[in-house]
Amino acid sequence: MDDALAVVRRVYELWNARDLDAALDLGADDIHITRMTSGQTLTGREGFRRFMEAFATAFPDMKKEVANEIVSGDQVVMEFRLRGRHRGSLLGPAGEILA
């Protein structure tokens, strides 16, 4: 299995177990996350933490289920389904989305 794919799969497993600290440990120091719906860019491990915590707060029972994986060198693209109940606020394209 490709190393990059193994890391992404493990991050998703840890997310589903809500072990955010262990997932954070797998993130690169220079990680960049762009939320396509809001245009918000989060950088570094602190940005990765804020990204995960925002979704964990808004959807405390959310689970990620991978549908497709594409790997090219050290880049991984994942198509996934999210399932969970909206329980807290989340930043969306038009502002805050309340539960």
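Please refer to the structure placed before this passage.
Presented here is a report on the structure given in the accompanying data block.

Each value, and the rule that gives it
- Residues numbered from 1 in each chain as written.
- Predicted model: local features only at pLDDT ≥ 70, side-chain atom pairs only at ≥ 80, totals over all residues.
- Heavy atoms only, no water.
- Helix = DSSP H or I, 4+ residues; strand = E, 2+ residues; numbered from the N terminus.
- Expected span 1.5 Å × (residues − 1).
- Contact = heavy atoms within 4.5 Å.
- Salt bridge = Lys/Arg side-chain N within 4 Å of Asp/Glu carboxyl O.
- Buried < 20%, exposed > 50% of the residue type's maximum accessible area, 1.4 Å probe, protein only.

Below, the discussion takes up helix α3 (residues 44–58). Taking 1.5 Å as the rise per residue, α3 with 15 residues should run 21 Å; its terminal C-alpha atoms sit 22 Å apart, in good agreement. Tucked into the core, α3 has its buried residues touching α1 (3–16), α2 (20–25), β1 (32–34), β2 (41–43) and β5 (90–92).

The next thing to look at is the pattern of salt bridges. If you walk through the whole model with that rule in mind, you get 8 salt bridges. Residue Arg49 pairs with Asp21 through a salt bridge whose shortest N-O separation is 3.0 Å. With Arg49 in helix α3 and Asp21 in helix α2, this pair connects stretches of sequence that are 28 residues apart. The class of Arg49 is partly exposed, set by a relative accessible area of 24%. A relative accessible area of 47% means that Asp21 is categorised as partly exposed. Linked through salt bridges whose partners overlap, the residues forming this network are Asp21, Arg49 and Glu53.

Any link to function would need more than the numbers given here.
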